[in-house]
Amino acid sequence: MPVAEVLYPVNLVLEGRRCVVVGGGAVAARKVDGLLAAGADVVVIAPEINDQIRSRDVAIIERAYRTGDLEGTWLAIVATGDAEVNRTVYADGDEARVWINAADDPAACAFTLPAVVRRGPVMVAVSTAGHSPALAAWLRGQVAAQMGPEVGILAEWLSEARDELKASGRSTEDVDWRPALDWDMLSLIRSGHTAKARERLQACLSSS
């Protein structure tokens, strides 16, 4: 089934949930690391598994994939480069209502993986709906060049400010956040003028 032209973007909560990676090479290792970063309980299935994966906190099933291996699984990623395996896992996932992604095989995907830039709690995802991973990676580089750690710092400050408002019984919808949401604000943080940046943020709260 071809990947749809219009995809529905989501952020999945995988903490403590079983996720399967079929494959034991370098590509599979990258998928494992991404799932572990999200707190998933990862199971790797492959007849050969590299040392990078073995060094991770994952369950290992050292054999070829079999129908039934997806039982109790939330999502699975196939990274074998074998189209027949891709189709088998995809069909099993469709039957079991498990979300499946096959690396570099859009026809065997129930979801795609975007190129991602992370700065603290801030995540920007770039997707081409499986049409061109190279373009998605290039666009990610362009975004990453514009986003330093100051973006994550500002996100944390804004979260603290929202918590402060809620604790005081005020609505966060009544605050004009715009003075704290511009490139100049980020420049202040980046250049180390954090006191001035915090004053600007506090002014937003005081003026509303």
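Before going into details, it helps to say that this report is about the structure given with it. (Residues numbered from 1 in each chain as written. Predicted model: local features only at pLDDT ≥ 70, side-chain atom pairs only at ≥ 80, totals over all residues. Heavy atoms only, no water.)

## Some thoughts on the overall build of the chain
Summing up its helical and strand segments, the chain has 7 helices and 7 strands in all. Listing each helix as α and each strand as β along the chain from the N terminus yields β-α-β-α-β-β-α-β-β-β-α-α-α-α. By the compact-globule yardstick of 17 Å for 208 residues, the chain is too spread out, its C-alpha radius of gyration being 21 Å. Burial statistics for the chain: of 208 residues in total, 35% are counted as buried. A total of about 12,300 Å² of accessible surface is found on the chain, and carbon and sulfur atoms cover 53% of it. Here the chain contributes 21 positive and 28 negative side-chain charges, whose respective centroids are spaced 4 Å apart. (Helix = DSSP H or I, 4+ residues; strand = E, 2+ residues; numbered from the N terminus. Rg over C-alpha atoms; globule rule 2.2 N^0.38 Å. Buried < 20%, exposed > 50% of the residue type's maximum accessible area, 1.4 Å probe, protein only. Areas by Shrake-Rupley, 256 points an atom, 1.4 Å probe, with all protein chains shown as cover. Lys, Arg positive; Asp, Glu negative; His and termini not counted. Charge placed at Lys NZ, Arg CZ, Asp CG, Glu CD.)

## Details of helix H5 (residues 149-167)
The end-to-end C-alpha distance of H5 is 28 Å, a good match for the 27 Å that 19 residues give at a rise of 1.5 Å each. Every buried residue of H5 is listed here: Glu150, Val151, Gly152, Leu154, Trp157, Leu158, Ala161 and Leu165. Contact partners of the buried residues in H5: strand S6 (115-119), strand S7 (122-126), helix H6 (183-190) and helix H7 (194-206). Among the residues trailing H5, Gly169 stands out with phi positive, at a value near 85°. (Expected span 1.5 Å × (residues − 1). Contact = heavy atoms within 4.5 Å.)

## Overview of the packing of aromatic side chains
Evaluation of the coordinates by the stated rule reveals 0 aromatic pairs. If you follow Arg17 out to its NZ or CZ, it ends over the ring of Trp74, 3.8 Å from the centre. (Phe/Tyr/Trp six-rings, centres within 6.5 Å; stacked < 30°, edge-to-face > 60°. Lys NZ or Arg CZ within 6 Å of the ring centre and 35° of its normal.)

## Regarding the pairing of strand S2 (residues 41-45)
Across the 5 residues that make up S2, a large majority, 4, are buried. Where strand S1 (residues 18-22) lies against S2, 5 bridges are found, and the strand directions are parallel. Across the sheet, Cys19 pairs through a bridge with Val42, a residue of S2. Both S2 and strand S3 (residues 59-61) contribute to a ladder of 3 bridges, which runs parallel. By the bridge assignment for S3, Val44 is matched with Ile60. (Pairing = 2+ DSSP bridges.)

## Thoughts on the pattern of salt bridges
Under the criterion given, the structure shown has 9 salt bridges. Across the pair Arg56 and Asp33 runs a salt bridge whose closest N-O atoms are separated by 2.7 Å. Placement of the pair is Arg56 in the loop between helix H2 (51-54) and S3 and Asp33 in helix H1 (residues 26-37), with a sequence separation of 23 residues. The network of salt bridges with common partners includes Asp182, Asp184 and Arg200. (Salt bridge = Lys/Arg side-chain N within 4 Å of Asp/Glu carboxyl O.)

## Let's talk about the side chain of Asp69
Among the secondary structure elements, Asp69 is positioned in the loop between S3 and strand S4 (75-78). Judged by relative accessible area, which is 9%, Asp69 ranks as buried. There is a polar contact of 2.8 Å between the side chain of Asp69 and the backbone nitrogen of Arg66. (Polar contact = N/O pair within 3.5 Å; in protein donor to acceptor, adjacent residues only side chain to side chain.)

## A look at unusual backbone geometry
Of note, the phi angle at Arg97 is positive, near 60°, even though the residue is not glycine. Here Arg97 shows up in the loop between helix H3 (83-96) and strand S5 (99-102). Unlike most non-glycine residues, Asp104 shows phi in positive territory, near 60°. Tracing the backbone through its elements, the reader meets Asp104 in the loop between S5 and S6. Residue classification places Asp104 among the exposed positions, given a relative accessible area of 75%.

## Section: the nonpolar core
With 19 residues, the main nonpolar core has Leu154, Trp177 and Leu201 as its most contacted residues. Elements with a contribution of two residues or more to this core: H5, H6 and H7. Among the elements that line this core, the one with the most residues is H5, at 6 residues. Formed by 18 residues, the second largest nonpolar core is a distinct cluster that contains Leu14, Val42, Ala46 and Ile49. (Core = buried A, V, L, I, M, F, W, Y, C linked by side-chain atoms within 4.5 Å.)

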